[in-house]
Amino acid sequence: MTKTLRTAASALALSLAVCAVAPAALAQQSPAGRGFTAKDMVQLERISDPRVSPDGRFVVYSVRTMDFAANKASMSLWIADLKARMAPRRLAVSDGGASSARWSPDGKGLYFISGRTGGLDQVYRTDAAGETAVQVTKAPFDVGAFKIAPDGKTIVISQAVFPDCDTLDCTKDKLAAKGAQKTTGVVYDKLFIRHWDAWNDGLQNHLYALKLDEAGVASGAPTALMNGFNGDTPTKPFGGDEDFNITPDGKTVVFSAKPADREEAWSTNYDLWRVPIDGSAKPVNETTANKAMDSQPNVSPDGKAVAWLAMKRPGFEADRLAIMIREGDKVRELSPTWDRSAQSITWSSDAKTIYTTAEDVGQTKLFAIDVKSGKATALTGEGHVGAVSLGGGTLVYAQDNLKAPAQLYALSTAKRAETPVKLTNNNAEALAGVAMGQAEQFSFPGWNGETVHGYLVKPANFDPAQKYPVAFLIHGGPQGSFGNLFHYRWNAQTYAGAGYAVVMIDFHGSTGYGQAFTDSISQHWGDRPLEDLQKGWAFATGKYGFLDKDRACALGGSYGGFMVNWIASQWKEPWKCLVNHDGIFDSRFMGYSTEELWFSEWENGGPPFAPETTYAKFNPADHVAAWSVPTLVVQGGQDFRVPLEQGIASFTALQRKGVPSKLLYFPNENHWVLKAQNSVQWHDEVQKWLDQWTKGESAK
């Protein structure tokens, strides 16, 4: 480490020591006050996307602010000086809306996305002061993602285009002709006809390169990098700039994409493709040998290696993501004995270390992996680490936990053992006087005698002399986790604030406990996890005497909603009420109506028409005769993962049987409830339902 970097690291630790708080220590703070509410939750500022300057002096990050009355969020950019003793400040360029800030390679400028001119998202540039913005791109469509070449001479952007068009003008003309049509019928000849919450309109995300002048502004015509390529980069529906990378010499782009062929809806075979940045050749597939997912290509700073995340089993979306490295013609897995699934890749400047995040026994930790030996070392402990950035020997990451939303922390790569420095204190005023329920992790012997973990969150302002009703939350996925994180849809504190104790079990199939544990739920949706939930409930009610097991409701979404429908017939005795959010009612019909077929086919052992599958074995629709527990059904009209008819069918079955029930329908929400006022309505209706059956007249 150079003297300059040592000095910067020391200054960082000293200048911000006054606000240095270890994330684990933060979790112990519990001020008395009123309970946390859903309205509190949706109005919190949300920190994301930290980006450290190349010299490690500054970190710029995004803050999402909600105008609840207008039901609209806005994005702004903030910057913190990692050497000066001063509070972070908001960049003036945020006034027109700004997000996705990226440093120029020399660290003197910032590129960002804004829709301030003409309503289209374009790339703009400002200096570190952030006072004025210069428009960099004038693309005909929204810029979805972008990257600046390491040599600073080129910008690569994504545009939604028709793949058979050679030019952007061609896409403009086809869109205009489509808009002028009087007919509305659409003809499809293959899947996907729709995906997540959108119907397939024929547009695909493609990459284009533009030269940058000395002022850092795009000039000249864009160069198409994917002409004739039938597929998306960034990938849909959630891909971003992690899906493509530019080599240090600025000459080549490596991207991840899956061909949109006949098998697209049941294939997970994303590959890495290499293309010259000048568009002089067509993309070349570099991972043809792997028929499973290859994603997040990241070229080392010296240009000698490319690292990426890869799965091994075709068709399995929850397989372990291993870090692969290609050096020349040699490909190796970086840490084959490390039984965790990597989520991201950040190279150190000397290419000797890769930093990544991974779930680990109910936490999400930041790890440093030695490139030579493959040894993985955890740099953080309790809590959930989200985005990570590295510059000038300083790591900056966002971390939250069950009791607190995300803040930014800084850690020197040379002094990993030191306490991380807390950089931000967003929401301090909003949460002043708000009581958060204390959380603790527990474990017990579950299915097959194997250790299963869970979390208990006490009610706000907990009184050990009282007994409390229980909200038993069941996570979705099913390969997911209700770990030590501040969730914005299933937030345990909204129940704790309403006077409920919260119990959450990471049943077999959950992530962060080794791949064998994750694998164990496939084709076993209704037995192994159910046994874990039952044993976890028995353990928690035996260990925590304040849990009133006679006043408890079970709630779940997606797979959790399936499980709610399943326990409605298989394990209904403990529950005063149930809440099923976008849950599967008919497993076989789900296999014919969902969009990502690889999911239902892997989880059930094949397509619905194949023999020896488990669609019928664990199908809630076949056990409606036993339903009797009062149930609230929630369904989004734009949910194409678990389509609308699944929720309607659940409600119809309940009504037809005369079981007390309600349907909460959101016509403009997808698999999640994302709009602020809808989220508050969701929580209000759910809380009223729980109160009715655990606290009101119906509970007697």
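Right above here is the structure, for reference.
Read on for an overview of the structure. (Residues numbered from 1 in each chain as written. Predicted model: local features only at pLDDT ≥ 70, side-chain atom pairs only at ≥ 80, totals over all residues. Heavy atoms only, no water.)

Across all of its chains, the model carries 39 aromatic pairs by this definition. On the numbers, 5.8 Å between centres and 65 degrees between planes, the contact of Phe 36 with Phe 486 is edge-to-face. Taken as a pair, Phe 36 in the loop between β1 (34-35) and α3 (38-42) and Phe 486 in the loop between β35 (468-474) and α5 (492-496) lie far apart in primary sequence, 450 residues in all. Each ring, one from Phe 316 and one from Trp 602, has its centre 4.6 Å from the other, and the planes form 5 degrees; the classification is stacked. Remark: Trp 602 occurs in helix α10 (residues 597-604) and Phe 316 occurs in the loop between β21 (306-310) and β22 (322-327); sequence separation between them is 286 residues. Look at Phe 316 and you get buried, because its relative accessible area is 1%. (Phe/Tyr/Trp six-rings, centres within 6.5 Å; stacked < 30°, edge-to-face > 60°. Helix = DSSP H or I, 4+ residues; strand = E, 2+ residues; numbered from the N terminus. Buried < 20%, exposed > 50% of the residue type's maximum accessible area, 1.4 Å probe, protein only.)

A full pass over the atoms with the stated rule returns 2 disulfides. Residue pairing for Cys 165: its cysteine sulfur links by disulfide to Cys 170, the two sulfurs lying 2.0 Å apart. As the torsion about the S-S bond is roughly -60 degrees, the Cys 165-Cys 170 disulfide counts as left-handed. The class of Cys 165 is buried, set by a relative accessible area of 3%. A relative accessible area of 25% places Cys 170 in the partly exposed class. Assigning the bonded cysteines of the protein chain consecutive numbers by sequence position, one obtains the connectivity 1-2, 3-4. (Disulfide = S-S within 2.5 Å.)

Let us now look at unusual backbone geometry. With an omega of -5 degrees, the peptide bond between Leu 191 and Phe 192 qualifies as cis. Relative to the assigned elements, Phe 192 resides in the loop between α4 (168-180) and β12 (194-195). Between Thr 233 and the following residue, Pro 234, the backbone shows a cis peptide bond with an omega angle of 0 degrees. Note on placement: Pro 234 falls in the loop between β15 (218-224) and β16 (244-246). One non-glycine residue, Asn 448, lies in positive phi territory at about 60 degrees. Turning to its location among the elements, Asn 448 is positioned in the loop between β33 (439-445) and β34 (451-457). Here Asn 448 falls in the exposed class, since its relative accessible area comes to 54%.

This brings us to a nonpolar patch on the surface. Together, Val 186, Tyr 188 and Trp 199 make up a nonpolar patch on the protein surface, roughly 310 Å² of accessible area in all. The residue Tyr 188 is located in the loop between α4 and β12 in this model. On the accessibility criterion, Tyr 188 (32% relative accessible area) is partly exposed. (Patch = residues over 30% accessible without salt bridge, like charges linked within 9 Å, V, L, I, M, F, W, Y side chains within 5 Å. Areas by Shrake-Rupley, 256 points an atom, 1.4 Å probe, with all protein chains shown as cover. Salt bridge = Lys/Arg side-chain N within 4 Å of Asp/Glu carboxyl O.)

A few words on the nonpolar core. Counting 52 residues, the largest nonpolar core has Phe 472, Ile 474, Val 503, Leu 547, Met 563, Ile 567 and Trp 575 as the members making the most contacts within it. The biggest single contributor to this core is helix α8 (residues 559-570), with 7 residues. Among all residues touching Phe 472, those that are not within four sequence positions of it are Val 503, Ile 505, Leu 533, Trp 537, Cys 553, Ala 554, Leu 555, Trp 571 and Trp 575. In this structure, Leu 473, Ala 498, Leu 555 and Cys 577 belong to the second largest nonpolar core, which totals 28 residues. (Core = buried A, V, L, I, M, F, W, Y, C linked by side-chain atoms within 4.5 Å. Contact = heavy atoms within 4.5 Å.)

Below, the discussion takes up α10. Within α10, 7 of the 8 residues are buried, leaving the element largely enclosed by the surrounding structure. In this fold, the buried residues of α10 make contact with α9 (587-593).

The next thing to look at is the pairing of strand β2 (residues 46-52). Relative to strand β3 (residues 58-67), β2 runs antiparallel, the two sharing 5 bridges. Paired with Arg 51 across the strands is Val 60, a residue of β3. Hairpin connection from β2 to β3: 5 residues lie between these consecutive antiparallel strands, with Gly 56 at a positive phi of about 80 degrees. (Pairing = 2+ DSSP bridges.)

Counted residue by residue, strand β17 (residues 252-257) has 6 buried out of 6 residues, so it is predominantly covered. Side chains Thr 252, Val 254 and Ser 256 project from β17 onto one buried face, and the interleaved Val 253, Phe 255 and Ala 257 project onto a second face that is buried too. Here β16 pairs with β17 via 3 bridges, running antiparallel. Among the inter-strand pairings, Phe 244 is bridged to a residue of β17, identified as Phe 255. In this antiparallel pair of consecutive strands, β16 and β17, the connection spans 5 residues, and Gly 250 shows a positive phi of 75 degrees. As defined by bridge partners, β17 adjoins strand β18 (residues 271-276) across 6 bridges and the pair is classed as antiparallel. Within β18, the residue paired with Val 254 across the bridge is Arg 274.

Looking now at the pattern of salt bridges. Under the definition given, this model contains 23 salt bridges. Of the charged contacts, one joins Lys 695 and Asp 691 as a salt bridge, the two residues approaching to 3.7 Å between their closest N and O atoms. In this structure Asp 691 comes out as partly exposed when scored by relative accessible area, which is 22%. Each of Asp 49, Arg 51, Arg 102 and Asp 241 takes part in salt bridges that share partners, so that together they form one network.

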